[in-house]
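Architecture and fold: a report
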Protein chains: 2
Amino acid sequence: MPTTSARTRVRRLPELANHERSMLHAIVDESYVCHIAFSVEDGTHCIPTAHWRQGEYLYIHGSNGSRLIKALKSGVQVSVAITLLDGLVLAKSAFSHSMNYRSAVAYGHFQEIHGQDEKLEALDMFMEKIATGRKDEARRGNFKELAATSLMRMPLTETAVKVSDSEPADKEEDIDLPVWAGILPLMTRRGMPIRADHSPCGTVPEYVKSWAAE
Amino acid sequence: MPTTSARTRVRRLPELANHERSMLHAIVDESYVCHIAFSVEDGTHCIPTAHWRQGEYLYIHGSNGSRLIKALKSGVQVSVAITLLDGLVLAKSAFSHSMNYRSAVAYGHFQEIHGQDEKLEALDMFMEKIATGRKDEARRGNFKELAATSLMRMPLTETAVKVSDSEPADKEEDIDLPVWAGILPLMTRRGMPIRADHSPCGTVPEYVKSWAAE
């Protein structure tokens with residue numbers, strides 16, 4: 001069950017707190033990269049890594065020998081942040097400027113996923129996020145590749161979601177200043193796919209054709 | 001002087017390490033949001049916030065009462081990560097998939113900037129990053145606003161930069177598989193500016209006109 005803790009109670013601009021699970025899921029699913037904070041002997045680290053979601057769990061993977069994976073396996077407490085920036089909000093006074101964004105922060109501990117079948121299944125989910133259907137085309141991981149890779153997941157229970165989606169809010173005294181006010185939107189764009197030299201010239205998969213079709 | 005420490009030596013895929021200061025600066029300047037990791041009594045946190053750069057310093061600002069600002073003022077060690085995702089790299093085997101990205105991680109401690117003039121100057125730099133020339137149009141912060149806000153900066157000395165910009169690298173045994181291989185590019189797009197209702201109808205500043213001009 002999702003909970004609100006002292007850590008996840010939104011204290012700055014609490015009116016921006018969002019408690020819809022669908023919003024949390026949308027932020028996690030729309031983004032490809034999260035940032036994981038953890039502390040070990042040599043200090044606190046912030047490491048970016050690819051992620052995906054299945055149900056109420058956030059998944060990541062990595063090489064067994066990586067600093068991040070070794071730390072997560074030690075059971076260290078982590079904070080995972082995912083941020084989508086939607087625009088710059090230009091107000092008439094410097095201090096009323098802000099940003100529109102969707103932000104999720106989760107606290108917890110990662111658990112390792114053992115078992116070759118469970119690992120393959122989790123990696124298939126990752127592939128589905130990247131390109132629907134591709135898991136049935138690309139060669140699946142073999143025993144050696146799977147053994148060198150760690151699969152980790154974290155329950156999305158202790159989470160804080162904050163969404164800012166608004167026009168500039170100027171103070172009464174600034175409303176009539178002759179300064180442009182509004183939103184400069186930012187979004188992620190998908191560029192035209194670039195075929196590798198060793199890619200077959202035949203049929204192009206639907207997920208490649210539709211990648212930049214907007 | 002920039003240094004390489006045990007923390008910033010790139011151990012995973014060391015061939016992707018980039019030691020050009022210009023690359024570090026470009027990553028910091030192109031992005032609007034960084035993630036700051038720090039540990040306090042109730043655990044390790046990962047908090048997104050807006051940033052800007054001046055010379056070899058990373059700047060942030062925030063409300064005096066915020067958890068992040070209070071932690072930074074206590075002198076806690078931080079790790080700041082900035083990540084730009086440039087594309088998904090689709091190889092012929094699941095395990096050879098990767099991402100193209102530019103990533104910077106900095107370690108250190110934030111210092112507070114005191115003095116009204118110094119704070120105003122730092123905030124002007126932030127405004128210049130957002131919109132060239134706007135610092136001379138929008139109302140500057142007044143004494144009360146400045147007093148409620150903390151300006152912090154961190155030297156970019158202990159840093160690690162990693163850049164991945166490559167085609168899919170398939171193993172010899174997979175080269176001839178009949179699977180599409182290539183890059184699905186991702187980039188940040190600037191959308192058409194949205195004028196606020198209380199914005200004057202007259203002249204539109206150059207930085208608004210040129211925002212989505214590409």
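Here, the structure is the one placed above.
The structure displayed is predicted, hence computed values, not measured ones. (Residues numbered from 1 in each chain as written. Chains lettered and ligands numbered in written order. Predicted model: local features only at pLDDT ≥ 70, side-chain atom pairs only at ≥ 80, totals over all residues. Heavy atoms only, no water.)

1. Re the pattern of salt bridges
Note the following rule: What makes a salt bridge here is a side-chain nitrogen of Lys or Arg within 4 Å of a carboxyl oxygen of Asp or Glu, nothing more. For every residue, the accessible area obtained with a 1.4 Å probe (protein chains only) is divided by the maximum for its type, and the residue is called buried under 20%, exposed over 50%, and partly exposed between those limits. Secondary structure is summarised from DSSP: a helix means a run of H or I of at least four residues, a strand means a run of E of at least two, and numbering begins at the N terminus for each.
Tallying each qualifying case throughout the model produces 22 salt bridges over all chains. In this structure, A:E145 and A:R139 form a salt bridge, with 3.0 Å as the shortest nitrogen-oxygen distance. Taken as a pair, A:E145 and A:R139 share a single burial class, namely buried. With a closest N to O distance of 2.5 Å, B:R140 and B:D124 form a salt bridge. One end of the pair, B:R140, is in the loop between α3 (116-130) and α4 (143-147); the other, B:D124, is in helix α3, and 16 residues separate them in sequence. B:D124 sits in the buried class, given a relative accessible area of 16%. Residues participating in the shared-partner salt-bridge network are A:R139, A:E145, B:K171 and B:D174.

2. A closer look at the relation of the copies chain A and chain B
For clarity, the threshold we go by: All copies are superposed by least squares; the fitting set is the C-alpha atoms of residues with a pLDDT of at least 70 in both. Contacts: residue pairs with any heavy atoms within 4.5 Å of one another.
Rotating chain A by 180 degrees and translating it 0.0 Å along the rotation axis places it on chain B, where the RMSD comes to 0.0 Å. Both chain copies can therefore be described as sitting about a two-fold axis. Residue A:T188 of chain A places its C-alpha closer to the rotation axis than any other residue of that unit, at 2.3 Å. Most of the interface of chain A is mirrored in chain B, where 100% of its interface residues are also at the interface.

3. Observations concerning helix α1 (residues 21-30) of chain A
Residues and elements named next belong to chain A. Our working rule: As used here, the arc is the angular range of directions from the helix axis to the C-beta atoms.
Where α1 is concerned, the buried positions are L24, H25, I27 and V28. Buried residues of α1 fall within an arc of 160 degrees about the axis and therefore sit on the same side. On the buried face of α1, the contacting elements are β3 (52-54), β4 (57-63), β5 (78-90), β6 (98-108), α3 (116-130) and β9 (158-164).

4. Description of the sheet that holds strand β8 (residues 149-155) of chain B
Residue and element names in this part refer to chain B. Here is the rule we go by: Strands are treated as partners if at least two bridges between them are detected by DSSP. Axis geometry follows a simple rule: fit a line to the C-alpha atoms, using only the stretch in contact for helices, then measure angles between N-to-C directions, giving values from 0 to 180 degrees.
Spatially, four strands are ordered β3-β4-β8-β7 in an open sheet, and the strand pairing comes out antiparallel. Strands with a single pairing partner mark the edges of an open sheet, and in this sheet they are β3 (52-54) and β7 (111-113). Taking the axes of each pair of neighbouring strands and ignoring which way they run, one obtains an average angle of 40 degrees across the sheet. Pairing of β7 with β8, which is carried by three bridges, proceeds in the antiparallel orientation. Of the residues in β8, the one forming a bridge with Q111 is R153.

5. Some thoughts on the packing of aromatic side chains
Counted only if it meets this: Whether two aromatic rings pair depends on their centres lying within 6.5 Å, for rings of Phe, Tyr and Trp, where Trp uses its six-membered ring; planes under 30 degrees apart make the pair stacked, over 60 edge-to-face, and the rest tilted. In this scheme, Lys NZ or Arg CZ marks a charge over a ring once it lies within 6 Å of the ring centre and within 35 degrees of the ring normal.
Enumeration according to the criterion identifies four aromatic pairs over all chains in this entry. Summarising the aromatic geometry, the rings of A:W52 and A:F126 are spaced 4.3 Å apart at their centres and angled 10 degrees between planes, so their arrangement reads as stacked. Linking A:W52 in strand β3 with A:F126 in helix α3, this pair joins segments that are 74 residues apart in sequence. Residue classification places A:W52 among the buried residues on the basis of a relative accessible area of 0%. On the accessibility criterion, A:F126 (10% relative accessible area) is buried. One aromatic cluster in this structure is built from A:W52, A:Y59 and A:F126. When the ring centre of A:W211 is taken as reference, the NZ or CZ atom of A:R190 above it lies at 4.1 Å. Lying across the ring of B:Y57, B:R153 places its NZ or CZ 3.6 Å from the centre.

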